[in-house]
Amino acid sequence: MTGKATSEAPTRGPGETASESADVGPPEPSGKVAAPESPGGDQAPKPQEPAPQAPAPAATKPAPPSEDVPSAPLLLAVEDVSESSVAVSWEPPERLGKLGFQGYVLELRREGASEWVPVNARPMMVTQQTVRNLALGDKFFVRVAAVNSAGSGPPAVLDQPVHIQETIEAPKIRVPRHLRQTYIRQVGETINLQIPFQGNPKPQASWTHNGHALDSQRVNVRTGDQDSILFIRSAQRSDSGCYELTVQLEGLEAKAAINVLVIEKPGCPSTIRLLDVWGCNAALEWTPPQDTGNTELLGYTVQKADRKTGQWFTVLERYHPTTCTVSDLIVGNSYSFRVFSENLCGLSESAAVTKEMAHIQKTDTVAKPKSFVERDFSEAPSFTQPLADHTSTPGYSTQLFCSVRASPKPKIIWMKNKMDIQGDPRYRALSEQGVCTLEIRKPSPFDSGVYTCKAVNALGEAAVDCRLEVKASATH
């Protein structure tokens, strides 16, 4: 006996009467499909006997409760209400009656009317039913009765009327990811906060700044069906703070807060002074700026410039302390120093410059030559690399090498078979950095022999020999 059914709303108005006598009986609720008969109506012969006193009590006296009629359904409740429909459910009655059970009849009564209008013309074997095609704004009562062959039992009635109204969707605000943290803008830039929201029907949206109403001369707000936009054309530092969006609908509301920070470049340090100068070092000290640009400082930039060139060079960047020591200054130069403040917008427009210059003095030094004995590098000739025996091919120039060490520079004499060959155009002698070279141009077998290199200076002489063999070409 359990199931679901869908029915259309009855088209009769609250003031109309039921047109089907089978659906509504005068002595009972109009939702009953069939009027319950009296207990004596089941016996066919007795109504045919003449009994003048029987018709009057049967027509005026109500039938007593009978076990043949079903009891009232249990737990009648509204499952769902939409803009055009309502779904109700119930549980079967405790007693279905002795006769055949036929189903349930659902009836509606509009608020202010007295007539119950059946939704279904015939009983239905379901315990849940959806009534559709209802008008927006309707209010009506609902009841359901169980029906069997003996008639309709007592109905179960809802205590409160059902109101068909537009479905209310609780408002929700979806803050974009980039606005969930502090929204930072620079002075003069635009502020554009576009916040989507949900809600049905369209909720009312309102903005506040630090708990106060917005300045309509500087702030523009546009609210659509799905979002609200707050726009400031040129941001000022006074625009910083907490902007709160409130979306309200039928006593429900949702809120979202967006933190905005408008910043600008900081001021320069208030004062700076040169504490001390020693060696190639200078110590500086300064005080923080009075205006940090409405945000935290990232540090200080320290620069130096020497008096000769006047060019500024960065020494320290994003340096947090307010004292520092500048090292590696050049002796003999004079230096000026300046310090910038820095935040997210960049360096300050101006810098604090030292009034005094740091003079890196030259230390007074007196030259004290050390006494030393001058060394005598004079040396008699000695060969560090002797001549090596060599074999050559006729017609191909060949070279002989040796190296000699001597001081003063020695005189080099080349000899062949103990005969001086200086001045001979077939030979060319070279001597550079102690390396002695003898080039023999296109030798022939006649140039074979013993070659001697002799080095002579004032302290002595030395000589080395080697054998050169020029092999004759084979003839055929």
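Values in this document were obtained by computation on a predicted structure and should not be read as measured data.

Now for the overall build of the protein. The number of helices and strands found in the protein is 2 helices and 36 strands. Taken over 476 residues, the protein has a buried fraction of 37%. For the protein, the accessible area works out to roughly 28,700 Å², and carbon and sulfur atoms hold 49% of it.

Let us look at the environment of Glu91. Counting through the fold element by element, Glu91 comes out in strand E3 (residues 86-91). Exposure remark for Glu91: the relative accessible area of 41% places this residue in the partly exposed category. Residues Glu91 and Ala77 lie 14 residues apart in sequence; the distance between their C-alpha atoms is 9.5 Å. The residues contacting Glu91, other than those within four sequence positions of it, are Pro73, Leu74 and Leu75.

On to the sheet that holds strand E19 (residues 272-278), then. Pairing in this open sheet of 3 strands is antiparallel, and the strands run E19-E20-E23 from one edge to the other. Two strands lie at the open edges of the sheet, namely E19 and strand E23 (323-326), each paired on one side alone. Taken pair by pair, the neighbouring strands of this sheet meet at an average axis angle of 20°, ignoring direction. With 6 bridges connecting them, E19 and strand E20 (residues 281-286) associate as antiparallel partners. Residue pairing in the sheet places Asp276 in a bridge with Ala283 of E20.

Within the open sheet, the 4 strands sit side by side as E11-E13-E16-E15. Their pairing is antiparallel. In this open sheet, the two strands that pair with only one neighbour each are strand E11 (169-173) and strand E15 (220-223). Each neighbouring strand pair of the sheet contributes to a mean axis angle of 15°, computed without reference to strand direction. With 3 bridges connecting them, E11 and strand E13 (residues 191-200) associate as antiparallel partners. Looking at E13, one finds that Ile173 is bridged to Phe197.

Further remarks concern the nonpolar core. Counting 21 residues, the largest nonpolar core has Ile173, Ile191, Leu193, Trp207 and Val260 as the members making the most contacts within it. Listed by contribution, the elements that provide at least two residues to this core are E13, strand E16 (227-232), strand E17 (241-249) and strand E18 (252-263). Counting residues per element, this core draws most heavily on E18, which supplies 5 residues. If we skip the residues at most four places from it in the chain, Ile173 touches Ile195, Pro196, Phe197, Leu245, Val247, Ala254, Lys255 and Ala256. Ranked by size, the runner-up nonpolar core spans 20 residues in total, among them Ile412, Ile421, Leu438 and Ile440.

In this structure, Asp227 sits in strand E16. On the basis of relative accessibility, which here comes to 15%, the residue Asp227 falls in the buried class. Separated by 2.9 Å, the side chains of Asp227 and Gln194 make a polar contact. The contacts of Asp227, once residues within four sequence positions are left out, are Gln194, Ile195, Pro196, Phe197 and Arg222.

With that settled, consider the pattern of salt bridges. Enumeration according to the criterion identifies 17 salt bridges in this entry. In this structure, Glu107 engages Arg143 in a salt bridge whose closest nitrogen and oxygen atoms are separated by 2.6 Å. Of this pair, Glu107 sits in strand E4 (residues 101-110) while Arg143 sits in strand E7 (residues 139-148), and the two are 36 residues apart along the sequence. Residue Glu107 is classed as buried on the basis of its relative accessible area, which comes to 3%. Linking Arg405 and Glu379 is a salt bridge whose minimum nitrogen-to-oxygen distance equals 3.0 Å. Of this pair, Arg405 sits in strand E30 (residues 398-407) while Glu379 sits in strand E28 (residues 379-385), and the two are 26 residues apart along the sequence. The partly exposed category is assigned to Glu379, whose relative accessible area is 26%. When salt bridges with common partners are traced through the structure, they connect Arg237, Glu264 and Asp291 into a single cluster.

This next bit is on unusual backbone geometry. With omega at 0°, the peptide bond leading from Asn200 into Pro201 counts as cis. Topologically, Pro201 is positioned in the loop between E13 and strand E14 (204-209). Omega for the peptide link from Ser407 to Pro408 comes to 0°, which places this bond in the cis form. Inspection of the secondary structure assignment puts Pro408 in the loop between E30 and strand E31 (411-416). Phi is positive for Asn294, which is not a glycine, with a value near 70°.

Time to look at the environment of Thr287. Looking at where Thr287 falls in the secondary structure, it is placed in the loop between E20 and strand E21 (299-306). When the C-alpha atoms of Thr287 and Pro321 are compared, they prove to be 9.8 Å apart, with 34 residues separating the residues in sequence. A polar contact is formed between the side chain of Thr287 and the side chain of Thr271, at a distance of 3.0 Å.

Of note, Gly293 is situated in the loop between E20 and E21. Residue Gly293 is classed as buried on the basis of its relative accessible area of 0%. Each C-alpha atom, one on Gly293 and one on Arg237, is 8.9 Å from the other, the two residues being 56 residues apart in sequence. Excluding residues that lie within four positions of it along the chain, Gly293 makes contacts with Arg237, Ile263, Glu264, Lys265, Pro266 and Asn343.

A few words on the confidence of the model for the protein. For the protein, per-residue confidence averages 83 on the pLDDT scale, and residues scoring 70 or more make up 85% of the total. Mean pLDDT across the secondary structure elements of the protein bottoms out at helix H1 (residues 45-48), with 37, and peaks at strand E24 (residues 334-343), with 96. Here residues 12-61 scores under 50 on pLDDT; set against residues more than four positions off or in separate chains, the count is 54 contacts.

What follows concerns the side chain of Lys304. Within the fold, Lys304 resides in strand E21. Despite being buried, Lys304 has no salt bridge partner; Asp328 is the closest side chain of opposite charge, sitting 7.1 Å away. Apart from residues no more than four positions distant in its own chain, Lys304 is found in contact with Gln311, Trp312, Phe313, Val315, Val326, Asp328, Leu329, Tyr335, Ser336 and Phe337.

Criteria and thresholds
- Residues numbered from 1 in each chain as written.
- Predicted model: local features only at pLDDT ≥ 70, side-chain atom pairs only at ≥ 80, totals over all residues.
- Heavy atoms only, no water.
- Helix = DSSP H or I, 4+ residues; strand = E, 2+ residues; numbered from the N terminus.
- Buried < 20%, exposed > 50% of the residue type's maximum accessible area, 1.4 Å probe, protein only.
- Areas by Shrake-Rupley, 256 points an atom, 1.4 Å probe, with all protein chains shown as cover.
- Contact = heavy atoms within 4.5 Å.
- Pairing = 2+ DSSP bridges.
- Axes fitted to C-alpha atoms, helices over the stretch in contact; angles between N-to-C directions.
- Core = buried A, V, L, I, M, F, W, Y, C linked by side-chain atoms within 4.5 Å.
- Polar contact = N/O pair within 3.5 Å; in protein donor to acceptor, adjacent residues only side chain to side chain.
- Salt bridge = Lys/Arg side-chain N within 4 Å of Asp/Glu carboxyl O.
- pLDDT = per-residue confidence, 0-100.
- Lys, Arg positive; Asp, Glu negative; His and termini not counted.

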